[in-house]
Amino acid sequence: MTTPPFPTDPTALEHMLDWARTRITEGPDPRNGAQSFAALDDRLGHSITSVGIGAAQAFALFTDVIVPSTRPFDHPTSLAFVAAAPSPAALSVNAVLGAAEIFAGNWDGGSGAIHAENQALGWLAGLAGWPHSAGGVFVSGGTLGNLSALHAARIACTRFDRPATHILCSEEAHSSIAAVASVMNVALIKVGADAQGRMQADAARAAVQDATGIFAIVANAGATNCGAVDDIAGLADLAQELDVWLHVDGAYGLAALADPEARPLFDGIERADSFIVDPHKWLFAPYDSCALVYREPLRGAQAHGQQGAYLETLDQEAWNPSDYALHLTRRARGLPLWYSLSTYGTDAYRQAIARTRQIAAEIAAGIEATPGLELILGPQLTVILFSPSTLSDDALAEWAEAQRRSGALLCLPTTWRGEKVLRLCIVNPATDPAHVLGVLGTLV
Ligand SMILES: Cc1ncc(COP(=O)(O)O)c(C=O)c1O
(Lines give C-alpha, C1' and ligand atoms only; values in the text may rest on other atoms or scores of the structure.)
Protein backbone atom coordinates (compact mmCIF):
# COMPACT_ATOMS: atom_id res chain seq x y z
CA MET A 1 0.00 0.00 0.00
CA THR A 2 1.36 3.42 -0.88
CA THR A 3 1.33 6.24 1.65
CA PRO A 4 -1.22 8.91 0.74
CA PRO A 5 0.43 12.18 -0.24
CA PHE A 6 -1.53 14.15 2.35
CA PRO A 7 -2.14 12.05 5.47
CA THR A 8 -4.40 13.39 8.25
CA ASP A 9 -2.82 14.23 11.60
CA PRO A 10 -5.64 13.58 14.11
CA THR A 11 -3.75 15.17 17.01
CA ALA A 12 -3.13 18.37 15.07
CA LEU A 13 -6.76 18.39 13.98
CA GLU A 14 -7.95 18.14 17.60
CA HIS A 15 -5.61 20.94 18.54
CA MET A 16 -6.96 23.13 15.74
CA LEU A 17 -10.56 22.52 16.73
CA ASP A 18 -9.70 23.39 20.34
CA TRP A 19 -7.98 26.56 19.21
CA ALA A 20 -11.00 27.53 17.09
CA ARG A 21 -13.32 26.92 20.06
CA THR A 22 -11.26 29.17 22.31
CA ARG A 23 -10.96 31.91 19.68
CA ILE A 24 -14.71 31.90 19.10
CA THR A 25 -15.61 31.99 22.79
CA GLU A 26 -12.87 34.30 24.05
CA GLY A 27 -12.27 36.62 21.08
CA PRO A 28 -8.97 38.06 19.88
CA ASP A 29 -6.10 39.62 21.79
CA PRO A 30 -6.48 43.39 21.33
CA ARG A 31 -2.69 43.89 21.53
CA ASN A 32 -2.06 41.98 18.31
CA GLY A 33 -0.93 43.93 15.26
CA ALA A 34 1.28 44.14 12.22
CA GLN A 35 4.94 43.14 12.47
CA SER A 36 7.75 44.19 10.18
CA PHE A 37 8.59 42.19 7.07
CA ALA A 38 11.96 41.32 8.58
CA ALA A 39 10.49 40.00 11.82
CA LEU A 40 7.96 37.89 9.93
CA ASP A 41 10.42 36.63 7.38
CA ASP A 42 12.68 35.51 10.17
CA ARG A 43 9.94 33.24 11.54
CA LEU A 44 8.01 32.28 8.38
CA GLY A 45 10.56 32.66 5.61
CA HIS A 46 11.66 29.02 5.71
CA SER A 47 8.34 27.37 6.46
CA ILE A 48 7.87 25.80 3.03
CA THR A 49 10.35 22.97 2.58
CA SER A 50 10.63 19.97 0.29
CA VAL A 51 9.63 17.46 3.00
CA GLY A 52 7.22 19.61 5.04
CA ILE A 53 7.56 20.73 8.65
CA GLY A 54 4.53 18.73 9.82
CA ALA A 55 1.10 19.86 10.98
CA ALA A 56 2.09 20.54 14.59
CA GLN A 57 4.91 22.89 13.67
CA ALA A 58 2.94 24.58 10.87
CA PHE A 59 0.02 25.18 13.20
CA ALA A 60 2.34 26.53 15.88
CA LEU A 61 3.47 29.12 13.32
CA PHE A 62 -0.18 30.00 12.77
CA THR A 63 -0.97 30.45 16.47
CA ASP A 64 2.33 31.98 17.59
CA VAL A 65 3.41 34.07 14.62
CA ILE A 66 0.66 34.58 12.08
CA VAL A 67 -2.32 35.43 14.29
CA PRO A 68 -0.42 37.73 16.68
CA SER A 69 0.75 39.68 13.63
CA THR A 70 -2.78 40.53 12.52
CA ARG A 71 -5.14 43.25 13.63
CA PRO A 72 -7.93 42.05 15.92
CA PHE A 73 -10.65 43.95 14.09
CA ASP A 74 -13.43 42.09 15.84
CA HIS A 75 -12.36 43.26 19.29
CA PRO A 76 -14.84 45.75 20.81
CA THR A 77 -12.06 48.34 21.18
CA SER A 78 -11.35 48.30 17.44
CA LEU A 79 -12.96 51.52 16.22
CA ALA A 80 -10.83 52.47 13.20
CA PHE A 81 -11.61 51.93 9.49
CA VAL A 82 -14.81 49.88 9.44
CA ALA A 83 -14.13 47.03 11.83
CA ALA A 84 -16.02 43.74 12.26
CA ALA A 85 -18.09 42.10 14.95
CA PRO A 86 -18.98 38.56 13.85
CA SER A 87 -21.42 36.81 16.18
CA PRO A 88 -20.30 33.55 17.83
CA ALA A 89 -22.81 31.65 15.69
CA ALA A 90 -21.49 33.22 12.50
CA LEU A 91 -17.87 32.49 13.44
CA SER A 92 -18.74 28.91 14.38
CA VAL A 93 -20.49 28.07 11.13
CA ASN A 94 -17.70 29.78 9.21
CA ALA A 95 -15.26 27.36 10.82
CA VAL A 96 -17.24 24.32 9.73
CA LEU A 97 -18.12 25.76 6.34
CA GLY A 98 -14.50 25.37 5.32
CA ALA A 99 -14.69 21.68 6.18
CA ALA A 100 -17.88 21.19 4.17
CA GLU A 101 -16.13 22.39 0.96
CA ILE A 102 -19.31 23.49 -0.78
CA PHE A 103 -19.11 24.77 -4.34
CA ALA A 104 -21.69 27.54 -4.42
CA GLY A 105 -21.12 28.93 -7.90
CA ASN A 106 -24.14 27.15 -9.35
CA TRP A 107 -27.29 25.42 -8.16
CA ASP A 108 -25.99 22.04 -9.21
CA GLY A 109 -23.01 22.31 -6.90
CA GLY A 110 -24.53 24.03 -3.91
CA SER A 111 -28.33 24.20 -4.01
CA GLY A 112 -28.89 23.82 -0.25
CA ALA A 113 -26.35 26.45 0.64
CA ILE A 114 -27.53 28.77 -2.13
CA HIS A 115 -31.14 28.46 -1.01
CA ALA A 116 -30.11 29.43 2.54
CA GLU A 117 -27.98 32.34 1.26
CA ASN A 118 -30.97 33.53 -0.74
CA GLN A 119 -33.08 33.56 2.43
CA ALA A 120 -30.62 36.04 3.91
CA LEU A 121 -30.60 38.12 0.71
CA GLY A 122 -34.41 38.06 0.77
CA TRP A 123 -34.39 39.43 4.33
CA LEU A 124 -32.17 42.32 3.22
CA ALA A 125 -34.28 42.99 0.11
CA GLY A 126 -37.40 43.01 2.28
CA LEU A 127 -35.85 45.58 4.65
CA ALA A 128 -35.25 47.76 1.60
CA GLY A 129 -38.91 47.39 0.61
CA TRP A 130 -38.07 45.45 -2.54
CA PRO A 131 -40.31 42.77 -4.09
CA HIS A 132 -39.79 39.02 -3.54
CA SER A 133 -38.45 38.78 -7.06
CA ALA A 134 -35.34 40.79 -6.02
CA GLY A 135 -32.15 38.78 -5.60
CA GLY A 136 -28.44 38.65 -6.03
CA VAL A 137 -25.39 37.02 -4.60
CA PHE A 138 -22.78 37.29 -1.87
CA VAL A 139 -19.41 38.39 -3.22
CA SER A 140 -16.12 38.86 -1.43
CA GLY A 141 -16.44 42.54 -0.59
CA GLY A 142 -17.91 45.91 -1.35
CA THR A 143 -15.42 46.65 -4.09
CA LEU A 144 -16.45 43.62 -6.12
CA GLY A 145 -20.10 44.28 -5.30
CA ASN A 146 -19.86 47.84 -6.60
CA LEU A 147 -18.02 46.69 -9.72
CA SER A 148 -20.55 43.97 -10.46
CA ALA A 149 -23.54 46.29 -9.97
CA LEU A 150 -22.04 49.08 -12.07
CA HIS A 151 -21.10 46.69 -14.86
CA ALA A 152 -24.73 45.54 -14.90
CA ALA A 153 -25.77 49.20 -15.01
CA ARG A 154 -23.58 49.84 -18.03
CA ILE A 155 -24.82 46.74 -19.86
CA ALA A 156 -28.42 47.77 -19.15
CA CYS A 157 -27.68 51.11 -20.78
CA THR A 158 -25.72 49.90 -23.79
CA ARG A 159 -28.39 47.31 -24.62
CA PHE A 160 -30.38 50.32 -25.79
CA ASP A 161 -27.43 51.68 -27.78
CA ARG A 162 -27.03 54.57 -25.39
CA PRO A 163 -23.61 55.97 -24.58
CA ALA A 164 -22.39 54.86 -21.15
CA THR A 165 -19.29 56.77 -20.20
CA HIS A 166 -19.95 58.43 -16.84
CA ILE A 167 -20.95 57.55 -13.29
CA LEU A 168 -22.33 60.25 -11.02
CA CYS A 169 -21.34 60.02 -7.35
CA SER A 170 -20.57 62.08 -4.29
CA GLU A 171 -17.14 63.49 -3.54
CA GLU A 172 -17.51 61.35 -0.40
CA ALA A 173 -17.99 58.12 -2.41
CA HIS A 174 -15.79 55.25 -1.25
CA SER A 175 -12.42 54.83 -3.00
CA SER A 176 -13.74 51.61 -4.55
CA ILE A 177 -16.00 53.65 -6.85
CA ALA A 178 -12.96 55.35 -8.39
CA ALA A 179 -11.27 51.94 -8.65
CA VAL A 180 -14.34 50.51 -10.38
CA ALA A 181 -14.48 53.44 -12.80
CA SER A 182 -10.84 52.86 -13.64
CA VAL A 183 -11.39 49.13 -14.29
CA MET A 184 -14.44 49.94 -16.44
CA ASN A 185 -12.59 52.75 -18.21
CA VAL A 186 -15.37 55.25 -17.48
CA ALA A 187 -15.23 58.66 -15.80
CA LEU A 188 -16.69 59.87 -12.53
CA ILE A 189 -18.67 63.06 -12.15
CA LYS A 190 -18.11 63.94 -8.50
CA VAL A 191 -20.74 66.04 -6.80
CA GLY A 192 -19.82 68.31 -3.89
CA ALA A 193 -21.32 67.20 -0.59
CA ASP A 194 -23.08 69.34 2.01
CA ALA A 195 -21.62 70.25 5.41
CA GLN A 196 -22.38 66.77 6.75
CA GLY A 197 -20.94 64.98 3.74
CA ARG A 198 -24.26 64.18 2.03
CA MET A 199 -24.84 64.42 -1.71
CA GLN A 200 -28.05 66.36 -2.17
CA ALA A 201 -30.22 65.86 -5.24
CA ASP A 202 -30.12 69.56 -6.17
CA ALA A 203 -26.33 69.54 -6.31
CA ALA A 204 -26.42 66.33 -8.34
CA ARG A 205 -28.99 67.82 -10.72
CA ALA A 206 -26.79 70.87 -11.24
CA ALA A 207 -23.78 68.65 -11.93
CA VAL A 208 -25.56 66.78 -14.75
CA GLN A 209 -26.78 69.91 -16.57
CA ASP A 210 -24.35 69.61 -19.48
CA ALA A 211 -23.25 66.03 -18.98
CA THR A 212 -23.74 63.21 -21.44
CA GLY A 213 -23.22 59.48 -21.18
CA ILE A 214 -24.28 59.06 -17.55
CA PHE A 215 -25.41 55.49 -16.99
CA ALA A 216 -25.48 55.27 -13.18
CA ILE A 217 -25.84 57.27 -10.02
CA VAL A 218 -24.14 55.91 -6.92
CA ALA A 219 -25.71 57.01 -3.65
CA ASN A 220 -23.87 56.63 -0.36
CA ALA A 221 -25.76 54.92 2.43
CA GLY A 222 -23.10 55.49 5.04
CA ALA A 223 -20.06 57.24 3.59
CA THR A 224 -17.04 55.53 5.10
CA ASN A 225 -15.19 58.62 6.26
CA CYS A 226 -18.09 60.48 7.84
CA GLY A 227 -21.12 58.15 7.92
CA ALA A 228 -23.25 60.40 5.70
CA VAL A 229 -26.31 59.05 3.95
CA ASP A 230 -27.07 60.82 0.67
CA ASP A 231 -30.51 62.10 -0.30
CA ILE A 232 -31.48 58.73 -1.75
CA ALA A 233 -35.10 59.72 -2.48
CA GLY A 234 -34.02 62.85 -4.38
CA LEU A 235 -31.39 60.85 -6.25
CA ALA A 236 -34.01 58.24 -7.12
CA ASP A 237 -36.10 61.04 -8.70
CA LEU A 238 -33.06 62.21 -10.65
CA ALA A 239 -32.22 58.67 -11.78
CA GLN A 240 -35.79 58.32 -13.02
CA GLU A 241 -35.64 61.66 -14.87
CA LEU A 242 -32.36 60.66 -16.55
CA ASP A 243 -33.50 57.06 -17.02
CA VAL A 244 -30.30 55.74 -15.45
CA TRP A 245 -29.46 53.08 -12.90
CA LEU A 246 -29.43 53.98 -9.19
CA HIS A 247 -26.94 51.95 -7.15
CA VAL A 248 -26.76 52.38 -3.38
CA ASP A 249 -23.38 51.74 -1.79
CA GLY A 250 -24.32 50.71 1.71
CA ALA A 251 -21.32 48.47 2.34
CA TYR A 252 -21.11 49.81 5.88
CA GLY A 253 -24.28 51.75 6.56
CA LEU A 254 -27.13 49.78 5.05
CA ALA A 255 -26.95 47.39 7.99
CA ALA A 256 -28.99 50.05 9.78
CA LEU A 257 -31.96 49.08 7.60
CA ALA A 258 -32.51 46.49 10.32
CA ASP A 259 -33.31 49.21 12.86
CA PRO A 260 -36.76 50.72 12.17
CA GLU A 261 -35.66 53.96 13.83
CA ALA A 262 -32.86 54.39 11.29
CA ARG A 263 -34.91 53.17 8.34
CA PRO A 264 -36.21 56.65 7.29
CA LEU A 265 -32.60 57.68 6.58
CA PHE A 266 -32.70 55.36 3.60
CA ASP A 267 -36.05 56.44 2.17
CA GLY A 268 -35.93 56.13 -1.59
CA ILE A 269 -33.97 52.88 -1.59
CA GLU A 270 -37.22 51.16 -2.58
CA ARG A 271 -36.66 52.74 -6.01
CA ALA A 272 -32.97 51.84 -6.47
CA ASP A 273 -31.83 49.26 -9.00
CA SER A 274 -29.14 47.64 -6.88
CA PHE A 275 -27.53 47.93 -3.50
CA ILE A 276 -24.68 46.40 -1.57
CA VAL A 277 -24.18 45.83 2.13
CA ASP A 278 -21.23 43.99 3.67
CA PRO A 279 -22.28 41.56 6.41
CA HIS A 280 -18.60 41.48 7.40
CA LYS A 281 -18.88 45.10 8.47
CA TRP A 282 -21.95 45.76 10.63
CA LEU A 283 -24.10 42.65 10.15
CA PHE A 284 -22.16 40.44 12.54
CA ALA A 285 -20.71 38.05 9.93
CA PRO A 286 -17.06 37.15 9.34
CA TYR A 287 -14.92 38.00 6.32
CA ASP A 288 -15.43 37.95 3.48
CA SER A 289 -18.95 38.84 2.57
CA CYS A 290 -20.82 41.48 0.59
CA ALA A 291 -24.49 41.09 -0.24
CA LEU A 292 -25.17 42.41 -3.75
CA VAL A 293 -28.88 42.70 -4.47
CA TYR A 294 -30.61 43.62 -7.73
CA ARG A 295 -34.21 44.76 -7.89
CA GLU A 296 -34.41 42.83 -11.20
CA PRO A 297 -31.87 40.01 -11.01
CA LEU A 298 -32.26 39.30 -14.71
CA ARG A 299 -30.35 42.50 -15.41
CA GLY A 300 -27.49 41.19 -13.30
CA ALA A 301 -27.54 37.91 -15.22
CA GLN A 302 -27.55 39.70 -18.58
CA ALA A 303 -24.28 41.32 -17.57
CA HIS A 304 -22.53 38.49 -15.78
CA GLY A 305 -23.73 35.10 -17.01
CA GLN A 306 -20.76 33.14 -18.36
CA GLN A 307 -20.98 30.73 -21.29
CA GLY A 308 -18.61 27.86 -21.93
CA ALA A 309 -18.81 24.48 -23.61
CA TYR A 310 -18.04 22.65 -20.36
CA LEU A 311 -20.79 24.60 -18.56
CA GLU A 312 -23.55 23.64 -20.98
CA THR A 313 -24.71 20.71 -18.85
CA LEU A 314 -25.73 23.09 -16.06
CA ASP A 315 -29.38 24.00 -15.61
CA GLN A 316 -29.53 27.54 -16.98
CA GLU A 317 -33.01 27.99 -15.53
CA ALA A 318 -31.83 27.32 -11.96
CA TRP A 319 -30.54 30.08 -9.65
CA ASN A 320 -26.83 30.09 -10.42
CA PRO A 321 -25.02 32.65 -8.22
CA SER A 322 -22.20 32.92 -10.73
CA ASP A 323 -24.67 34.74 -13.01
CA TYR A 324 -24.95 37.75 -10.75
CA ALA A 325 -21.39 39.03 -10.32
CA LEU A 326 -17.91 38.89 -11.75
CA HIS A 327 -16.95 35.41 -10.60
CA LEU A 328 -17.61 31.74 -11.29
CA THR A 329 -16.31 29.56 -8.44
CA ARG A 330 -17.34 30.79 -5.02
CA ARG A 331 -17.71 29.57 -1.46
CA ALA A 332 -21.09 29.95 0.23
CA ARG A 333 -19.91 33.05 2.02
CA GLY A 334 -23.45 34.17 2.78
CA LEU A 335 -24.07 31.15 5.03
CA PRO A 336 -22.65 32.73 8.20
CA LEU A 337 -25.16 35.59 7.88
CA TRP A 338 -27.98 33.13 7.24
CA TYR A 339 -26.90 30.95 10.18
CA SER A 340 -26.54 33.88 12.54
CA LEU A 341 -29.96 35.26 11.52
CA SER A 342 -31.53 31.81 11.89
CA THR A 343 -29.88 31.25 15.26
CA TYR A 344 -30.65 34.54 16.97
CA GLY A 345 -33.59 35.87 14.96
CA THR A 346 -34.06 39.21 13.26
CA ASP A 347 -35.14 40.90 16.51
CA ALA A 348 -31.65 40.32 17.87
CA TYR A 349 -30.25 42.01 14.76
CA ARG A 350 -32.57 44.97 15.23
CA GLN A 351 -31.48 45.28 18.87
CA ALA A 352 -27.78 44.93 18.07
CA ILE A 353 -27.91 47.66 15.42
CA ALA A 354 -29.94 49.94 17.69
CA ARG A 355 -27.52 49.29 20.55
CA THR A 356 -24.52 50.13 18.37
CA ARG A 357 -26.15 53.43 17.36
CA GLN A 358 -26.85 54.14 21.03
CA ILE A 359 -23.19 53.49 21.90
CA ALA A 360 -22.12 55.96 19.20
CA ALA A 361 -24.57 58.55 20.58
CA GLU A 362 -23.20 58.08 24.11
CA ILE A 363 -19.61 58.41 22.96
CA ALA A 364 -20.40 61.54 20.92
CA ALA A 365 -22.21 63.09 23.89
CA GLY A 366 -19.26 62.25 26.13
CA ILE A 367 -16.83 63.86 23.69
CA GLU A 368 -18.98 66.98 23.56
CA ALA A 369 -18.99 67.15 27.34
CA THR A 370 -15.21 66.77 27.67
CA PRO A 371 -13.32 70.07 27.87
CA GLY A 372 -10.43 69.95 25.41
CA LEU A 373 -12.22 67.64 22.95
CA GLU A 374 -14.24 69.04 20.08
CA LEU A 375 -17.00 67.04 18.44
CA ILE A 376 -16.65 67.87 14.76
CA LEU A 377 -19.31 65.68 13.15
CA GLY A 378 -21.67 62.94 14.12
CA PRO A 379 -22.61 60.51 15.01
CA GLN A 380 -23.84 59.88 11.51
CA LEU A 381 -24.94 56.27 11.72
CA THR A 382 -22.04 55.29 13.99
CA VAL A 383 -19.19 57.44 12.66
CA ILE A 384 -17.85 60.23 14.87
CA LEU A 385 -15.23 62.82 13.94
CA PHE A 386 -13.62 64.75 16.75
CA SER A 387 -10.47 66.57 17.63
CA PRO A 388 -8.42 67.33 20.71
CA SER A 389 -7.87 71.06 20.63
CA THR A 390 -4.24 71.06 21.74
CA LEU A 391 -2.34 68.09 20.23
CA SER A 392 -0.14 68.36 17.14
CA ASP A 393 -0.61 65.85 14.29
CA ASP A 394 2.56 64.01 15.39
CA ALA A 395 1.40 63.84 19.00
CA LEU A 396 -1.95 62.49 17.82
CA ALA A 397 -0.30 59.76 15.77
CA GLU A 398 1.89 58.85 18.76
CA TRP A 399 -1.12 58.69 21.06
CA ALA A 400 -3.04 56.49 18.59
CA GLU A 401 -0.10 54.09 18.27
CA ALA A 402 0.35 53.85 22.05
CA GLN A 403 -3.36 53.03 22.52
CA ARG A 404 -3.22 50.42 19.78
CA ARG A 405 -0.12 48.76 21.19
CA SER A 406 -1.55 48.52 24.68
CA GLY A 407 -4.82 47.13 23.34
CA ALA A 408 -6.83 49.97 24.89
CA LEU A 409 -8.29 51.39 21.70
CA LEU A 410 -7.82 51.36 17.94
CA CYS A 411 -8.66 54.93 16.92
CA LEU A 412 -6.92 56.49 13.93
CA PRO A 413 -6.85 59.94 12.35
CA THR A 414 -8.51 60.88 9.09
CA THR A 415 -8.86 64.11 7.13
CA TRP A 416 -12.08 66.11 7.17
CA ARG A 417 -12.40 69.33 5.20
CA GLY A 418 -8.61 69.63 5.03
CA GLU A 419 -8.03 69.13 8.78
CA LYS A 420 -6.55 66.11 10.58
CA VAL A 421 -9.18 64.78 12.98
CA LEU A 422 -9.75 61.56 14.88
CA ARG A 423 -12.38 59.16 13.64
CA LEU A 424 -14.39 56.45 15.37
CA CYS A 425 -16.62 53.96 13.59
CA ILE A 426 -18.52 51.63 15.88
CA VAL A 427 -19.94 48.36 14.57
CA ASN A 428 -19.70 46.28 17.73
CA PRO A 429 -22.61 46.21 20.20
CA ALA A 430 -20.13 45.05 22.86
CA THR A 431 -18.11 48.27 22.71
CA ASP A 432 -18.18 49.92 26.14
CA PRO A 433 -18.73 53.70 25.83
CA ALA A 434 -17.36 54.34 29.33
CA HIS A 435 -14.13 52.55 28.43
CA VAL A 436 -13.81 54.47 25.15
CA LEU A 437 -14.43 57.82 26.87
CA GLY A 438 -11.92 56.92 29.56
CA VAL A 439 -9.24 56.35 26.91
CA LEU A 440 -10.20 59.52 25.03
CA GLY A 441 -9.84 61.37 28.31
CA THR A 442 -6.09 60.75 28.11
CA LEU A 443 -5.99 63.09 25.11
CA VAL A 444 -6.61 66.17 27.22
C1 LIG B 1 -19.02 52.53 1.67
C2 LIG B 1 -18.04 51.48 1.26
N3 LIG B 1 -18.10 50.99 0.02
C4 LIG B 1 -17.25 50.04 -0.41
C5 LIG B 1 -16.29 49.55 0.43
C6 LIG B 1 -15.36 48.48 -0.08
O7 LIG B 1 -15.66 47.29 0.58
P8 LIG B 1 -14.62 46.10 0.66
O9 LIG B 1 -13.51 46.58 1.55
O10 LIG B 1 -15.41 45.01 1.30
O11 LIG B 1 -14.17 45.80 -0.72
C12 LIG B 1 -16.17 50.03 1.75
C13 LIG B 1 -15.13 49.53 2.64
O14 LIG B 1 -14.92 50.02 3.74
C15 LIG B 1 -17.08 51.01 2.18
O16 LIG B 1 -17.05 51.49 3.42
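Summary of the structure given here. (Residues numbered from 1 in each chain as written. Predicted model: local features only at pLDDT ≥ 70, side-chain atom pairs only at ≥ 80, totals over all residues. Heavy atoms only, no water.)

This part covers the sheet that holds strand β6 (residues 274-277). Strands sit in the order β1-β7-β6-β5-β4-β2-β3 across an open sheet of seven strands; the sheet is mixed. Taken across any chain shown, the strands that pair with only one partner, and hence form the sheet edges, are β1 (135-139) and β3 (187-191). Pairwise comparison of adjacent strand axes, ignoring direction, gives a mean angle of 20° for this sheet. Pairing between strand β2 (residues 166-170) and strand β4 (residues 214-220): four bridges, direction parallel. Counted as the bridge partner of I167 is A216 from β4. The strands touched by helix α5 (residues 107-127) are β1, β6 and β7 (290-294); relative to β1, the strand with the most contacts, the crossing angle is about 115°. (Pairing = 2+ DSSP bridges. Helix = DSSP H or I, 4+ residues; strand = E, 2+ residues; numbered from the N terminus. Axes fitted to C-alpha atoms, helices over the stretch in contact; angles between N-to-C directions. Contact = heavy atoms within 4.5 Å.)

Near the ligand there are 13 residues, and of these G142, T143, T224, D249 and D278 occur at the shortest range. Between D278 and the ligand, the recorded distance is 2.9 Å, taken from a side-chain N or O atom to an oxygen atom. Within the side chain of K281, a nitrogen or oxygen atom sits 3.3 Å from an oxygen atom of the ligand. Expressed as a share of its isolated accessible area of 400 Å², the protein-covered part of the ligand is 83%. Among the elements of the structure, α6 (142-158) and α10 (279-282) are those that each provide at least two residues to the shell around the ligand. Classifying every residue of the shell around the ligand by side-chain character gives one nonpolar, nine polar and three charged. (Near = heavy atom within 4 Å. Polar contact = N/O pair within 3.5 Å; in protein donor to acceptor, adjacent residues only side chain to side chain. Areas by Shrake-Rupley, 256 points an atom, 1.4 Å probe, with all protein chains shown as cover. Nonpolar A, V, L, I, M, F, W, Y, C, P; charged D, E, K, R; others polar.)

Turning to a negative patch on the surface, a few remarks are in order. On the surface, D393, D394, E398 and E419 cluster together into a patch of negative charge. The exposed category is assigned to E398, whose relative accessible area is 61%. (Patch = residues over 30% accessible without salt bridge, like charges linked within 9 Å, V, L, I, M, F, W, Y side chains within 5 Å. Salt bridge = Lys/Arg side-chain N within 4 Å of Asp/Glu carboxyl O. Lys, Arg positive; Asp, Glu negative; His and termini not counted. Charge placed at Lys NZ, Arg CZ, Asp CG, Glu CD. Buried < 20%, exposed > 50% of the residue type's maximum accessible area, 1.4 Å probe, protein only.)

Here M199 is to be found in the loop between β3 and α8 (201-207). A sequence separation of 26 residues divides M199 from A173, and the C-alpha atoms of the two residues are 9.3 Å apart. Residues in contact with M199, not counting those within four places in the same chain, are C169, S170, V191, A193, A204, V218, D230, D231 and L235.

What follows is about the packing of aromatic side chains. According to the stated counting rule, one finds eleven aromatic pairs in the structure shown. For the ring pair W123 and Y349, a centre distance of 5.8 Å and an interplane angle of 80° mean the geometry is edge-to-face. Residue W123 is found in helix α5, and its partner Y349 is found in helix α13 (residues 346-368); the two are separated by 226 residues along the sequence. Look at Y349 and you get buried, because its relative accessible area is 3%. (Phe/Tyr/Trp six-rings, centres within 6.5 Å; stacked < 30°, edge-to-face > 60°.)

Function cannot be read off these values alone, since they describe shape.
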